[in-house]
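Breakdown of the fold
Each chain is listed here by its residues.
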Amino acid sequence: KTIYLKEYEAPAYHILSTELTFEIFEEHTLVINRMAIKRRGDVPVPLLLDGDDLELLCVKVDDVKIPTDAYERNEETLTLFDPGAEATVQVVTKIYPDKNTALEGLYRSGGIYCTQCEPHGFRRITYFIDRPDNMSVFTVKVIAEQSVCPVLLSNGNLEEEGSFPDGRHYALWKDPFPKPSYLFALVAGDLGRISDNFTTAEGNEVALHIYVDKGNEPRADHAMRSLKASMRWDEETYGRSYDLSVYNIVAVDSFNMGAMENKGLNIFNSHYVLADEETATDADFLGIESVIAHEYFHNWTGNRITCRDWFQLTLKEGLTVFRDQSFSADMQSEVVQRIRDVDMLRERQFPEDAGPTAHPIKPEQYIEINNFYTATVYEKGSEVIRMLHTILGEKAWRAAMDLYFETFDGQAVRTEDFLWAMQQHSPIDLAQFALWYSQERTPSLCAEHSYDPASGRLTLKLEQIVPDAVDGRKQQPYCMPLRLALLGHAGEELPLQLEGDTGAQPLLERGILLITRDEESFTFGGLASEPALSLNRHFGAPVVMEYPQEDVMNLMRFDSDGFVRYEAAQSFARSTLEAMMRGEAVSPQFLESFKHILEDESLDLQFKAQLLSLPTVTMLMQTQQTVDVHAILEASDALRREIAVACEATMRHLYALLHRPAHMGLEAESIGARALKNRLLGYLMAQQDAESIDSAMAQYEESHTMTDRLAALQLLHHGAPEAAEAPMRDFYERYSGDMLVMTKYFSVIASSPQPDTLSRVRAAMEDEVFNIKVPNLVRSLIGSFARNPYHFHAYDGSGYAFVAEQIIALDAINPMIAAGLSGAFKTYNRLNAHSRAQMRDALEKVQAHRGISKNVYEIVGKILAG
Ligand code: ARG
Ligand code: ZN
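Note that the coordinates shown come from a computational prediction; the quantities given were computed from them, not determined experimentally.

The next point concerns the overall build of the protein chain. A count of helical and extended segments in the protein chain gives 26 helices and 33 strands. Seen through its C-alpha atoms, the protein chain measures out along the principal axes to roughly 90 × 70 × 60 Å. Evaluated residue by residue, the protein chain yields a buried proportion of 50% over its 866 residues. Considering only intrachain contacts with a sequence separation of at least 6, the fraction spanning at least 24 residues in the protein chain is 70%.

What follows is the structure in structure tokens.
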């Protein structure tokens, strides 16, 4: 069944307050739910309560059991025909957390009871108006065996606790802030914790606790540091402070996503909490910092102001991603962070936007809302917010955000309400800008320019190419800010003297052109000689920028905007790879530019590692009409080798300089040294020569950090599998007891180009460490395989068949994870006929499987129709 935004209706009742009692027993849990309901209108109407997979024991209205003909029940709802204008409705349900492998609602992970309610998990706990525009004040009593569950947590503040003579005990939690049911959380179990505290700008004391499996306490320090930094940052940047006296975070091993922002009780995938140098990579540390911040920032953008309905998801997610990206940029290096975020957008969102499941950041329909927690809603959503930030400028942006918080605090609102607040402080009318919320697919922007030496004028012609929507609908040109500069011979920024139309003068003063039409041209005067054009600086608009290649070498050397330097380097590498695919040789200019960067000692090391990277296979696939994965892989491998041959001596020298034990901390300098060193080792290993293999072996053995150990292991296993046997065994023996580290081991296996990869993946699935019920393990092994271009796209179709088989198996266990895996097939309609036929076979098997979930049904249906 398809749900449409345009069919939105406010609920007929509100649940003003909700009193929940959880009686946790070994085999089942009883949920007693007392709701104070209030009808919105004057006429009697039925009360519809959502429920999913519930055993109903009892229904009472005002404490009296109601006759069975006063209500009706089906698969999805409990309807009370006329409970009255105001009443207390009580329902008692029985649930089975141990049997809940979908990980939605109340489930048990490694002995710990925990919940995931966004978006529709609460209805798997009790009957409720389970939608975000129903905001209720929750009081929660949790009762369990003291020895099994010494820790009992829920949202808000702890009001009371006590014990019973039979060995059971209870805790009573009250959250004073009205909230939708998707923000409800409960945790019960035997957990260790670390504690700290924070004083808000207003002087309020907040107790901070991070709960983890006993023994893991020391690995939560980085998460705690990140939490405190986030709290301070939101006060300094947005004037937003925390509003309860306690902030709890719980880490669990089985979790469908990264983390969840439940009010006062965040629940996290342990991957985003636990880290130390021995077991976590630099990327893991950064991931923790950003996800901790993301969930913390939701307290204002998501919880205090929430979404009216799930079509508004980007209201909280796009905005909160923008906030966490800004935070990370402030904590780390701004340009390095920006490149990471753009890489991720291009790697995950651009392909989505180009494929059969493309949707606007604010979708208008869905079958299964869980399928819309996408890179588009999150990452493109964040880019849309970033454009607003660019258009308004820092000061007006802050004023508009203040207005948004003041106006809508405590409400469930729409993206239009957010845009209203932005409009009050915007230098331009945002009506056209709003198209970013309702249109899909990535626009391209083509730039052409001509310079007239006689008049000293440069004319820039810009053409917007707006693709049709998935269903063939024509779409309108966007309004977007384009940051640009004209650069002189030494890379200096020349003054922008725009002639004629100066409508957007306030923006121009900040180096921004406002693009509003599908074709327009701008003329700049006062230029003594031809400047180089630096376009879409900082990647200010989420478009595919097509610009002349002639300035690329200069831009990559001297542009004062680091992002454009990176962009120029990537674009040069891309055109080089494309030429190689046409049978041409690598141009000496490319190798020379590469060397130039390699030898530049003034560059920040992390930035340099980024400048020396090549576009990924996914990125290269985007520019091909008919995707030929094998041609891309061949060219990429060949270019790597040529670079290694051309730069070998410099690379070895630099590698040796950087491979020093001094570089082992978490400061930018050391992280950068590791990033660059491992990038160089990657090129050197492309030669598969004895000297490089020795370096990698030595690095594996000597490494002090997981970053170095894992990089060496991966390069060895992928490039020199015989040499890798001993380190692979060593790694397994060291870490087989640690689930999080084993996910790295499984990804190394599953992402290998070696011919026996599929059989190794199958063998790993039989390993005692592997468990198909744990999403992290599934993603690391099966998910990595589905992203492995060498083997997913194997000529004999074995990769597609394997992944399809796993989707079917997983769907019976956890439909959300199965649907996630189905996304691997999104390139379907762009493959050559041979691959397409094989993919179709595999997908049709999935589609024909009896009892397939609506999650998988929706994704596979769209792919096959596309
Ligand atoms: N709101 C969470 C976050 O972005 C994600 C929860 C997604 N849950 C889901 N069932 N799809 O931090
Ligand atoms: Zn979020």
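Following the structure, the description resumes.
Before going further, it helps to examine the UniProt feature "domain: Aminopeptidase N-like N-terminal" (unreviewed entry) in the protein chain. When the UniProt feature table is mapped onto this chain numbering, "domain: Aminopeptidase N-like N-terminal" (unreviewed entry) sits at residues 59-183. For residues 59-183, helix accounts for 0% and strand for 52%, while the C-alpha atoms at its two ends are 24 Å apart.

In the vicinity of ligand 1, the contacting residues are Glu118, Pro119, Asn256, Met257, Ala259, Met260, Glu261, His294, Glu295, Glu317, Asn370 and Tyr373. For the shell around ligand 1, the elements supplying multiple residues, two or more each, are strand S20 (259-260) and helix H2 (282-297). Within the shell around ligand 1, the residues separate by chemical class into five nonpolar, three polar and four charged.

A separate point is helix H24 (residues 815-822). Among the eight residues that make up H24, eight are buried, leaving the element largely enclosed by the rest of the structure. By the burial criterion, the buried members of H24 are Pro815, Met816, Ile817, Ala818, Ala819, Gly820, Leu821 and Ser822. The elements touched by buried residues of H24 are helix H21 (775-786), helix H23 (798-811) and helix H26 (854-865).

A separate point is the sheet that holds strand S7 (residues 71-73). Strand order in the open sheet formed by three strands is S4-S8-S7, and the pairing between neighbours is antiparallel. With one partner strand each, in any of the chains shown, strand S4 (47-50) and S7 form the two edges of the open sheet. Geometrically, the sheet is characterised by an average inter-axis angle of 15° between neighbouring strands, direction not taken into account. Pairing between S7 and strand S8 (residues 77-80): three bridges, direction antiparallel. Looking at the pairing, Arg73 lines up with Leu78 of S8.

Let us now look at the packing of H23 against H24. Closest axis-to-axis distance for the H23/H24 pair is 8 Å, and the angle between their directions is 160°. When the axis of H23 is compared with that of H24, the two are roughly antiparallel. Where H23 crosses over H24, the two elements pack in a sense that is left-handed. Residues Val803, Gln806, Ile807, Leu810 and Asp811 of H23 lie in contact with H24, whose contacting residues are Pro815, Ile817, Ala818, Leu821 and Ser822. Residues of the contact of H23 with H24, tallied by class, amount to seven nonpolar, two polar and one charged.

Here is what the cut-offs are and how they apply
- Residues numbered from 1 in each chain as written.
- Chains lettered and ligands numbered in written order.
- Predicted model: local features only at pLDDT ≥ 70, side-chain atom pairs only at ≥ 80, totals over all residues.
- Helix = DSSP H or I, 4+ residues; strand = E, 2+ residues; numbered from the N terminus.
- Buried ≥ 20, exposed ≤ 12 C-beta atoms within 10 Å, placed from the backbone.
- Contact = placed C-beta atoms within 7 Å.
- UniProt positions renumbered as here; feature names shortened; annotations may be inferred.
- Near = placed C-beta within 6 Å.
- Nonpolar A, V, L, I, M, F, W, Y, C, P; charged D, E, K, R; others polar.
- Pairing = 2+ DSSP bridges.
- Axes fitted to C-alpha atoms, helices over the stretch in contact; angles between N-to-C directions.
- Parallel < 35°, antiparallel > 145°, perpendicular 65-115°, else oblique.
- Left-handed = near helix turned anticlockwise from the far one by under 90°.

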